[in-house]
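Overview (structure and organization)
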Amino acid sequence: MWHQTLITLRPRPRGFHLVTDEVLAALPELQSCRVGLLHLWLQHTSASLTVNENADPSVRRDFERFFNRLAPEGEAGYEHDYEGPDDLPAHFKTSLLGCQLSLPVSQGRLALGTWQGIYLGEHRDQGGSRRLLATLHASDS
């Protein structure tokens with residue numbers, strides 16, 4: 001079985017946000033899959049996807065601090081500033097973290113570890129809603 005759907009994630013403030021439940025809510029087809037892969041493709045260049053700690057929100061706050069130190073705003077010498085001082089650092093962060101994930105599916109669920117969740121890294125001050133193309137390739141149960 002192949003299934004594809006475009007998920008529109010609600011707007012979020014700058015930072016790292018758990019979106020696992022929002023993704024799962026948009027994919028009821030997942031529940032009928034015995035084994036497969038879910039590919040997620042974020043259709044943006046200033047936000048990212050990654051998998052990490054899903055329980056302690058301080059991890060997500062520390063992620064934001066770390067990436068802001070790694071790609072700070074207002075650095076001299078860069079040309080791309082048409083959309084504001086947060087735009088180029090957002091592109092850097094997206095390239096470092098990536099805009100896609102491939103996640104295993106097992107027995108109707110994502111086969112994430114106990115403490116794993118899907119993060120949306122929102123790297124713009126006003127990023128708006130984000131489009132996530134979900135492609136599921138799986139065998140039915």
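Now for a quick tour of the structure. (Residues numbered from 1 in each chain as written. Predicted model: local features only at pLDDT ≥ 70, side-chain atom pairs only at ≥ 80, totals over all residues. Heavy atoms only, no water.)

Digging into the environment of Ala 138
Mapped onto the elements, Ala 138 comes out in strand β8 (residues 130-140). With relative accessibility at 6%, the residue Ala 138 sits in the buried group. Setting aside its immediate chain neighbours within four residues, Ala 138 contacts Met 1, Cys 33, Val 35 and Gly 36. (Helix = DSSP H or I, 4+ residues; strand = E, 2+ residues; numbered from the N terminus. Buried < 20%, exposed > 50% of the residue type's maximum accessible area, 1.4 Å probe, protein only. Contact = heavy atoms within 4.5 Å.)

Details of the environment of Ala 71
With respect to the helices and strands, the residue Ala 71 is situated in the loop between α2 (57-70) and α3 (87-97). Looking at Ala 71, the relative accessible area reads 6%, which means it is buried. For the pair Ala 71 and Pro 28, spaced 43 residues apart in sequence, the C-alpha to C-alpha distance is 37 Å. The residues contacting Ala 71, other than those within four sequence positions of it, are Pro 89, Phe 92 and Lys 93.

As for unusual backbone geometry
A positive phi angle, close to 50 degrees, is found at Gln 107, a residue other than glycine. If you trace the backbone, Gln 107 turns up in the loop between β5 (100-106) and β6 (109-110). The exposed category is assigned to Gln 107, whose relative accessible area is 61%.

Quick word on the pattern of salt bridges
All told, the structure shown has 9 salt bridges when counted by the stated rule. The salt bridge partner of Glu 64 is Arg 14, with a shortest N-O separation of 3.2 Å. Of the two residues, Glu 64 is situated in helix α2 and Arg 14 in the loop between β1 (2-9) and β2 (15-18); the sequence distance between them amounts to 50 residues. The partly exposed category is assigned to Arg 14, whose relative accessible area is 22%. Of the charged contacts, one joins Arg 14 and Asp 125 as a salt bridge, the two residues approaching to 2.9 Å between their closest N and O atoms. Placement of Arg 14 in the loop between β1 and β2 and of Asp 125 in the loop between β7 (116-122) and β8 is noted, with a sequence separation of 111 residues between them. (Salt bridge = Lys/Arg side-chain N within 4 Å of Asp/Glu carboxyl O.)

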